[in-house]
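# Reading the structure
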Amino acid sequence: MKNSFILRIGRSALVTAMAGGVALAAVTPAASATSTATEQRMTIGPSGYGNLRLGMSATKARATGKIVRKSIGAPRTCTTWDLKEKRYGGDRAGVFISKRHGLAVIVAPGQTRTPQGIGRGSSNARLQAAYPRLKRSPLGLTTSVPGNRQASYVFNVTKNGVIAVILVMNKQDCLR
């Protein structure tokens, strides 16, 4: 399932973004109601999430105390992690760190929003207004990150709006 996006709608929506056969994250919209106060205050972008910064080494990222190692079937070029505040079950991860390029991918937890106010639950109209240059990709809707030409946002959406926000370094070897 290289570079595919899977969407199953049932009693609750379950979305898994796939990259090179590796799941980025599974998101159940109802889970956002249990987000912590910390998540609600946090933003993702333009250069990271909290003290996790795109491009930082695994050693520096681990030293933040925000991530926990997770082994899944990821490319050998990268290691996979979860945020301590948001752990994924199964073969999914919320953080990818390239051995060559550093921290490359962060999946936004809970009600975390971009500086432009877009996060889980935002309407498609609001997403389009905030990011008018959205493009479709195998991972979802993508756009460059305002204030950081070296990164992109990936938004997973349904007809009801945004269900996941992912910050990705443009130059990385974890997702293809």
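Residues numbered from 1 in each chain as written. Predicted model: local features only at pLDDT ≥ 70, side-chain atom pairs only at ≥ 80, totals over all residues. Heavy atoms only, no water.

### Digging into the state of the cysteines
The cut-off we apply is this: The rule for a disulfide is simple: a pair of cysteine sulfur atoms within 2.5 Å. A run of DSSP states H or I qualifies as a helix once it reaches four residues; a run of E qualifies as a strand once it reaches two. Both are numbered from the N-terminal end.
Applying the stated criterion across every chain, the model contains one disulfide. Linked covalently through their sulfurs, Cys78 and Cys174 form a disulfide whose S-S length is 1.9 Å. Because the torsion about its S-S bond is -100°, the bridge between Cys78 and Cys174 counts as left-handed. Of this pair, Cys78 sits in strand β7 (residues 78-83) while Cys174 is found in the segment after β13 (161-169), placing the two residues 96 residues apart along the sequence.

### A few points about the pairing of strand β12 (residues 148-158)
On a regular strand, one side chain projects to one face of the sheet and the next to the other, so that they alternate. Heads up, the rule is: Only protein chains enter the accessibility calculation, which uses a 1.4 Å probe; a residue is then buried when its area is under 20% of its type maximum, exposed when over 50%, and partly exposed in between. Strand pairing is assigned whenever DSSP detects at least two bridges linking the two strands.
With nine of eleven residues buried, β12 is to be regarded as a mostly interior element. Here five bridges tie strand β11 (residues 140-145) to β12, and the two strands are oriented antiparallel to one another. What sits directly across from Leu141, in β12, is Phe155. A loop of two residues connects β11 with β12, the two strands running antiparallel in sequence, and Gly147 in this loop sits at a positive phi of about 90°. Pairing between β12 and β13: eight bridges, direction antiparallel. The residue bridging Ala151 from the neighbouring strand is Met169, located in β13. The antiparallel hairpin formed by β12 and β13 contains two residues in its connecting segment.

### Some points on the pattern of salt bridges
Here is the rule we go by: The term salt bridge refers to a pairing of a side-chain nitrogen on Lys or Arg with a carboxyl oxygen on Asp or Glu at a separation within 4 Å.
For the structure shown, the criterion picks out one salt bridge. Across the pair Asp82 and Lys70 runs a salt bridge whose closest N-O atoms are separated by 3.5 Å. With a gap of twelve residues between them, Asp82 in strand β7 and Lys70 in the loop between β6 (67-69) and β7 connect regions that are remote in the sequence. With relative accessibility at 3%, the residue Asp82 sits in the buried group. Overall, the relative accessible area of 13% leaves Lys70 in the buried class.

### Let's talk about the packing of aromatic side chains
Think of a pair of aromatic rings as described by two things: how far the centres are apart, and how the planes are tilted against each other in angle. Defined as follows: The aromatic pairing rule takes the rings of Phe, Tyr and Trp, using the six-membered ring of Trp, and pairs them if the centres are within 6.5 Å, calling planes under 30 degrees apart stacked, those over 60 edge-to-face and the rest tilted. Put simply, a charge is over a ring when the Lys NZ or the Arg CZ is close to the ring centre, within 6 Å, and near the line of the ring normal, within 35 degrees.
Scanning the model with the defined rule gives three aromatic pairs in all. A centroid spacing of 5.6 Å and a plane angle of 40° characterise the contact between Tyr153 and Phe155, whose relative ring orientation is tilted. Per residue, the accessibility class of Tyr153 equals that of Phe155, and both read buried. Three or more aromatic residues link up through ring pairs in this structure, and these residues are Tyr131, Tyr153 and Phe155. Arg69 extends its terminal NZ or CZ atom over the ring of Trp81, reaching a point 5.6 Å from the ring centre.

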